[in-house]
Amino acid sequence: MLPKAIIAIAALAFSPANALWPIPQKISTGDSVLFIDQAVRVTYNGVPIIPIGYNPPASSNFDSRQIVQGAVSRAFQNIFSTNYVPWKLHPRNSNFEPKVAPQNRIQSISIQQTGKDTSKTFKPRAGDVDESYSLTISKNGQVNISAKSSTGVLHALETFSQLFYKHSAGPFYYTTQAPVSITDAPKYPHRGIMLDLARNYQTIDDIKRTIDAMSWNKLNRLHLHITDSQSWPLVIPALPKLSQAGAYHPSLVYTPADLAGIFQYGINRGVEVITEIDMPGHIGVIELAYSDLIVAYEEMPYQYYCAEPPCGAFSINNTKVYSFLDTLFDDLLPRVAPYSAYFHTGGDELNANDSMLDSHIKSNETSVLQPLLQKFINFAHSKVRAAGLSPFVWEEMVTTWNLTLGSDTVVQSWLGGDAVKNLAESGHKVIDTDYNFYVSLYFENRDIM
Ligand SMILES: *[C@@H]1O[C@H](CO)[C@@H](O)[C@H](O)[C@H]1NC(C)=O
Ligand SMILES: *[C@@H]1O[C@H](CO)[C@@H](O)[C@H](O)[C@H]1NC(C)=O
Ligand SMILES: *[C@@H]1O[C@H](CO)[C@@H](O)[C@H](O)[C@H]1NC(C)=O
Ligand SMILES: *[C@@H]1O[C@H](CO)[C@@H](O)[C@H](O)[C@H]1NC(C)=O
Ligand SMILES: *[C@@H]1O[C@H](CO)[C@@H](O)[C@H](O)[C@H]1NC(C)=O
């Protein structure tokens, strides 16, 4: 008799390493080995697809076949180029790899899209797209993918590529889990992250790299906090001084072509980009370009005027701010609307004291400021809607200022506590971006150092 511990280790050594992420809703796997090679035939709705080296053309017209073809190419790249031998998923010195037997191989990959994509598929509001998919691999190597939307197909191909590993004996790629049957769908329609590009400029390549990682994890919304009091990297051709004076350096900017490229790159990977111009606080940097629009820029002690220096807010009872917003939105929103259903007007951490210094207001009283703010948001959101977009705001617009917002508006909660529950119960669409999770991680890291 073998001691129990040895039996347990032996069982571990032969159990398949399952590295699918996120874990599919329903999965069943077997223990047969199938190899895959680059000659495998792939069809999409019955028509063959070129699986290698395809990149969809840069365009604002999105085509389901081009999107799927790009995704098949990336799945092949994952399997054949950037794959790994899964040493780390097995006990040391265990003999986990199958015998190389390329005759047992994936015969063909049949992708069936059962619904038609619409323009909403490529710039959806939450819930517009059915992202579900099913994926089966039969024991004899027939792969069937079925999804209602091309977005579901992208997720299926991502899952498919994660089933395969590289063999240490050479250029062989295999799964040990056939037959496979997976049905999957996301739990939440909005699964996103935010990049703070105003405080920390990131290169276009790094933003695209982030979108890649999001697509591997089946995340579908990238929120770009693209301006703030620290810097204004966004080039607005109708207001060139904004980025000329406001960027950290003339090279640290996002041109209209850069922005379009980010949107397109995202859509090809199932990631919708949401652009934010934070206002009326968090916008002091405009002082450097158009000084008569801003109050409390670099005001000290900063704690009385903002959460993080340099301070600065729009002078919200100043008609010049309204004409500025007209020009800004008329330039920017038509460049966002082909690619996104949303535009974020910010609204966090507005400090009432800023308006004390405003010659057009000279008050920090809620009863004075609230109607001005309501008028300001009504104006901004009417511009957003006129461009065919739905507004996003940070939670304080409701929780601190009690503004009345259109039912299309999405409220993004970040302060934790009961806000998500309260906002949802009062009928708002809510995104939970609880900052406590990030902050607790930060403190843990610092504690370790
Ligand atoms: C896979 O799809 C083909 C044709 O699309 C069909 O004939 C076959 O039954 C499917 N196999 C499985 C296991 O679903
Ligand atoms: C506003 O400024 C006063 C000092 O003038 C300070 O006591 C108060 O805390 C400030 N309010 C906020 C919200 O920072
Ligand atoms: C806002 O500006 C208008 C026009 O300049 C003025 O009549 C009004 O008193 C201002 N409101 C406040 C609260 O200062
Ligand atoms: C308004 O200003 C007064 C006087 O500086 C200050 O005591 C009060 O805390 C301020 N209120 C707010 C909401 O900041
Ligand atoms: C918020 O606004 C609503 C509608 O305008 C009003 O009924 C309610 O009393 C306000 N609540 C507070 C706390 O100001």
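Source: prediction; values computed, not measured.

Residues given the UniProt feature "active site" (unreviewed entry) here are Glu349. Relative to the assigned elements, glutamate 349 resides in the loop between strand E14 (342–344) and helix H9 (366–386). On the basis of relative accessibility, which here comes to 29%, the residue glutamate 349 falls in the partly exposed class. The residues contacting glutamate 349, other than those within four sequence positions of it, are His282, Ala307, Glu396 and Trp414. Among the polar contacts made by the side chain of glutamate 349, one reaches the side chain of histidine 282 at a distance of 2.7 Å.

With that settled, the discussion passes to the site of ligand 4. Taken together, the neighbourhood of ligand 4 is formed by Asn353, Met356 and Asn364. A distance of 3.2 Å is found between an oxygen atom of ligand 4 and a side-chain nitrogen or oxygen belonging to asparagine 353. Take asparagine 364: an N or O atom from its side chain is 2.2 Å from an oxygen atom of ligand 4. Protein burial of ligand 4: of its 360 Å² of free accessible surface, 32% is covered by the chains.

We now examine the pattern of salt bridges. For side chains of opposite charge, pairing can occur when their charged atoms come near one another. Inspection of every chain in the model, using the stated rule, returns 15 salt bridges. Here glutamate 272 and arginine 221 are joined by a salt bridge, their closest N and O atoms 3.1 Å apart. A residue pair is termed long-range when its members are at least 10 positions apart, and glutamate 272 in strand E11 (residues 272–277) and arginine 221 in strand E10 (residues 221–227) qualify at 51 residues. In this pair, the class of glutamate 272 matches that of arginine 221, namely buried.

Our next topic: the environment of leucine 224. Structurally, leucine 224 is set in strand E10. Given a relative accessible area of 0%, leucine 224 falls into the buried group. For leucine 224 and valine 68, which are 156 residues apart along the polypeptide, the C-alpha to C-alpha distance reads 26 Å. Those residues in contact with leucine 224, other than ones at most four positions away along the chain, are Leu195, Leu197, Ile262, Val273, Ile274, Thr275 and Glu276.

Rules used throughout
- Residues numbered from 1 in each chain as written.
- Chains lettered and ligands numbered in written order.
- Predicted model: local features only at pLDDT ≥ 70, side-chain atom pairs only at ≥ 80, totals over all residues.
- Heavy atoms only, no water.
- UniProt positions renumbered as here; feature names shortened; annotations may be inferred.
- Helix = DSSP H or I, 4+ residues; strand = E, 2+ residues; numbered from the N terminus.
- Buried < 20%, exposed > 50% of the residue type's maximum accessible area, 1.4 Å probe, protein only.
- Contact = heavy atoms within 4.5 Å.
- Polar contact = N/O pair within 3.5 Å; in protein donor to acceptor, adjacent residues only side chain to side chain.
- Near = heavy atom within 4 Å.
- Areas by Shrake-Rupley, 256 points an atom, 1.4 Å probe, with all protein chains shown as cover.
- Salt bridge = Lys/Arg side-chain N within 4 Å of Asp/Glu carboxyl O.

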